Structures are given as structure tokens and as C-alpha cells.
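# Structural overview
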Amino acid sequence: MSTITAKKVANIHYTLKNDAGEVLDSSEGQEPLAYLHGAMNLVPGLEKELEGKSAGDKISCVVEPEEGYGEKDPELIQELPRNMFGGVDTIEVGMAFHAETQNGMQVVEVIDVEEDAVTIDGNHVLAGERLHFDVEIIDIRDATEEELSHGHVHAPGGCGHDH
Ligand code: ZN
């Protein structure tokens, strides 16, 4: 019976909650999530928990931030002059922008707006969160050569991604 190891594709149903028990993300009501094991498709702490599991297994685990989306990095929170957002008429807390940073293109979220300054946060929205996962493994198959070379799962019929 096959188990989850590197170069396997697993289909999983999952629910992700925070410490307060709020559901942050879930595959419930949708197709299971297909992911390529060992390719950093999932956060490291969850991959570790899934290693060696079989179809039909159900696991619950808690992933600390360092094994999840990392701790919040204060250097990714920046106050910028309002005129840097020249093309945007209305800027509100919660809006997300793509911005060029030292780490390449990243999504930054507006967390504070003043008359002449805008504070943005480039941390992942789940940075600093302890992650509570409930996962059911639906099935497991070998990855194709193409999937392995791309580092992600392909839908039936081809890649469907830009490369
Ligand atoms: Zn691809």
C-alpha cells in the first residue's frame, strides 16, 4: 500500500484553523487539494506530519509559526509616502497591492492610512499564526516526470500554468 513520500502526489481534504478555532481555509465542499509531496507545496510542518501516511488516514496537528508561514518580520512593515500610490484614488485598510521588494514581487497589505502616509505589511497573512490542521488523505499516486520537473501538480490534460 502506498504511503506519502517525496515524489508522490496526494489528494487531501483539509481544514485550517487558528488558535481561536476560526476556520481560515478549508477544502470542504470542494475537490480535494492535490499536492506534490517534498516540493514545498505545503508548509514544512504539515509536510512532516503527512510523511508516511496512507490513504484513509486522518490526522490533526498543530504547526508552530517557524514550521508554518514564519514569524512576522517587522522589517516588512513600512510607512510609505501617500504620493507613492499616485494612480490609486482610494486607499483603505485591508487593500492588497503587488509591490516590488528586495525579495521580488510580493503582495503587501495596507494596515494603516493617514493623510500623507500609508503603512503596508508585506508579511504573509498567516505569519506568526499557529496553524491547526485537520487532514484526511483521500488518495496517493506517483507524480509524473513533468510534475516533478515543474515542482507542482498538474490537472488531467496538462500543465495549465505559465512557466
Ligand atoms: Zn506546471
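Let us look at the structure shown here. Computed from a prediction, not measured in an experiment: that's the story for all the values here. (Residues numbered from 1 in each chain as written. Predicted model: local features only at pLDDT ≥ 70, side-chain atom pairs only at ≥ 80, totals over all residues. Heavy atoms only, no water.)

## Section: the pairing of strand β1 (residues 8-17)
As a reminder of what qualifies: Relative accessibility under 20% of the residue-type maximum defines a buried residue, over 50% an exposed one, and the middle range a partly exposed one, all with a 1.4 Å probe and only protein chains included. Starting at the N terminus, helices and strands are each numbered in turn, a helix being any DSSP run of H or I of at least four residues and a strand any DSSP run of E of at least two. When DSSP locates at least two bridges between a pair of strands, those strands are taken to pair.
Counting buried residues in β1 gives eight out of ten residues, a clear majority hidden from the surface. Relative to strand β9 (residues 131-142), β1 runs antiparallel, the two sharing ten bridges. Paired with Lys-8 across the bridge in β9 is Asp-142. Bridge count between β1 and strand β3 (residues 33-36): four bridges; the pairing is antiparallel. Each residue of the ladder has a partner; that of Asn-11, found in β3, is Ala-34. Once β1 ends, the chain turns through five residues before running back antiparallel as strand β2 (residues 23-26), passing Gly-21 with a positive phi of about 85 degrees.

## Focus: a negative patch on the surface
Quick reminder of the rule: Patch rule: a residue counts if its relative accessible area is over 30% and it has no salt bridge; like charges are joined within 9 Å, and nonpolar side chains (Val, Leu, Ile, Met, Phe, Trp, Tyr) within 5 Å. Throughout, the Shrake-Rupley method with a 1.4 Å probe supplies accessible areas, and for residues the shown protein chains are the sole cover considered. For this analysis, a salt bridge means a side-chain nitrogen from Lys or Arg found within 4 Å of a carboxyl oxygen belonging to Asp or Glu. In this tally, Lys and Arg are treated as positive and Asp and Glu as negative; His is ignored, and so are the chain termini. A charged residue contributes its charge at one atom only: NZ of Lys, CZ of Arg, CG of Asp or CD of Glu.
A cluster of acidic residues, Glu-79, Asp-112, Glu-114, Glu-115 and Asp-116, forms a negative patch on the protein surface. With a relative accessible area of 55%, Glu-79 lands in the exposed category.

## Here we look at the environment of Val-118
Spelled out, the test is: It only takes one pair of heavy atoms within 4.5 Å for two residues to be counted as in contact.
With respect to the secondary-structure elements, Val-118 resides in strand β8 (residues 117-121). Taking relative accessible area as the criterion, Val-118 reaches 0% and is therefore assigned buried. Residues Val-118 and Gln-78, 40 residues apart in the sequence, show an inter-C-alpha distance of 8.2 Å. Apart from residues no more than four positions distant in its own chain, Val-118 is found in contact with Gln-78, Glu-79, Leu-80, Arg-82, Phe-85, Ile-91, Val-110 and Asp-112.

## Some thoughts on the nonpolar core
Note the following rule: Buried Ala, Val, Leu, Ile, Met, Phe, Trp, Tyr and Cys residues form a nonpolar core when they are joined through side-chain atoms within 4.5 Å.
Core analysis: the largest hydrophobic core is formed by 19 residues, its most contacted members being Ile-12, Leu-46, Leu-50, Phe-133 and Val-135. Contributions of two or more residues to this core are made by β1, α1 (44-50), β4 (58-63) and β9. It is β9 that provides the largest number of residues to this core, a total of five residues. In this structure, Leu-46 is in contact with Cys-61, Val-63, Phe-133 and Val-135, ignoring residues within four places of it in sequence. Membership of the second largest hydrophobic core comes to eight residues, among which are Phe-85, Ile-91, Val-108 and Val-118.

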